[in-house]
Amino acid sequence: MIKLLNLKLGIAILIIVSCLILPSCNNGTIRITNTTQNPYALYIDNELKVVLTGNTYEDYSLPEGAHEIRVKQNSGYLIYPTEKSTVVTVKATEDIEWTF
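Here's a quick rundown of the structure.

What to know about the overall build of the chain
Right, so step 1: Tallying secondary structure elements over the chain gives one helix and seven strands in all.
Right, so step 2: Listing the helices and strands of the chain from first to last along the sequence gives α-β-β-β-β-β-β-β.
Right, so step 3: Within the chain, the fraction of its 100 residues that count as buried is 24%.
Right, so step 4: Put simply, the chain shows about 6900 Å² of open surface, and 58% of that area lies on carbon and sulfur atoms.

Spelled out as structure tokens, the structure:
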């Protein structure tokens, strides 16, 4: 019985310590999906990440907290490009999605 208790305690300590050492334990994942046929420049926290082609998605691992997600149409517009933005709150080990 004591060996089993020590094993459980050891596993719990290992999990806690690994999350303190590994930053990925404090990250969540966001999937950003472009449902249009046009390419969009994708910015996360004002940093250009990628030009997301039509009907595709990208996954990003982000640290906990609020993040601004912004897209701007690259081509296929008549006069002005379409721009969309949102603020997402990421929680550790959580998966969220933003579709435009």
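Thoughts on the pattern of salt bridges
Opposite charge on two side chains lets them pair, provided their charged atoms get close.
Right, so step 1: Under the defined criterion, the tally for this structure stands at two salt bridges.
Right, so step 2: Note that K49 and E47 form a salt bridge whose closest N and O atoms lie 3.4 Å from each other.

Overview of unusual backbone geometry
Note: most residues except glycine have negative phi, and most peptide bonds are trans.
Right, so step 1: Here N46, not a glycine, exhibits a phi torsion of approximately 65°, which is positive.
Right, so step 2: Residue position: N46 is located in the loop between β2 (40–44) and β3 (47–52).
Right, so step 3: By relative accessible area, which is 57% here, N46 ends up exposed.
Right, so step 4: Positive phi outside glycine occurs at T93, with the angle close to 60°.
Right, so step 5: Tracing the chain through its elements places T93 in the loop between β6 (83–90) and β7 (95–99).

What to know about the sheet that holds β7
Right, so step 1: An order of β4-β1-β7 is seen for the three strands of this open sheet, with the pairing classed as mixed. Edge positions in the sheet fall to β4 (56–63) and β7, since each of these pairs with one other strand and no more. On average, each strand axis in the sheet is tilted by 20° relative to the strand beside it, whichever way the strands run.

Some thoughts on the nonpolar core
Right, so step 1: Formed by 14 residues in total, the largest nonpolar core has its most connected members in I30, I32, L42, I44, I69, W98 and F100.
Right, so step 2: Within the residue set of this core, elements represented by two or more residues are β1 (27–34), β2, β4, β5 (65–73) and β6.
Right, so step 3: Ranked by residue count, the leading element in this core is β2, at three residues.
Right, so step 4: If near-sequence neighbours (up to four positions away) are discounted, I30 is found in contact with E58, D59, Y60, L62, I69, V88, I96 and W98.

The rules behind these values
Residues numbered from 1 in each chain as written. Predicted model: local features only at pLDDT ≥ 70, side-chain atom pairs only at ≥ 80, totals over all residues. Heavy atoms only, no water. Helix = DSSP H or I, 4+ residues; strand = E, 2+ residues; numbered from the N terminus. Buried < 20%, exposed > 50% of the residue type's maximum accessible area, 1.4 Å probe, protein only. Areas by Shrake-Rupley, 256 points an atom, 1.4 Å probe, with all protein chains shown as cover. Salt bridge = Lys/Arg side-chain N within 4 Å of Asp/Glu carboxyl O. Pairing = 2+ DSSP bridges. Axes fitted to C-alpha atoms, helices over the stretch in contact; angles between N-to-C directions. Core = buried A, V, L, I, M, F, W, Y, C linked by side-chain atoms within 4.5 Å. Contact = heavy atoms within 4.5 Å.

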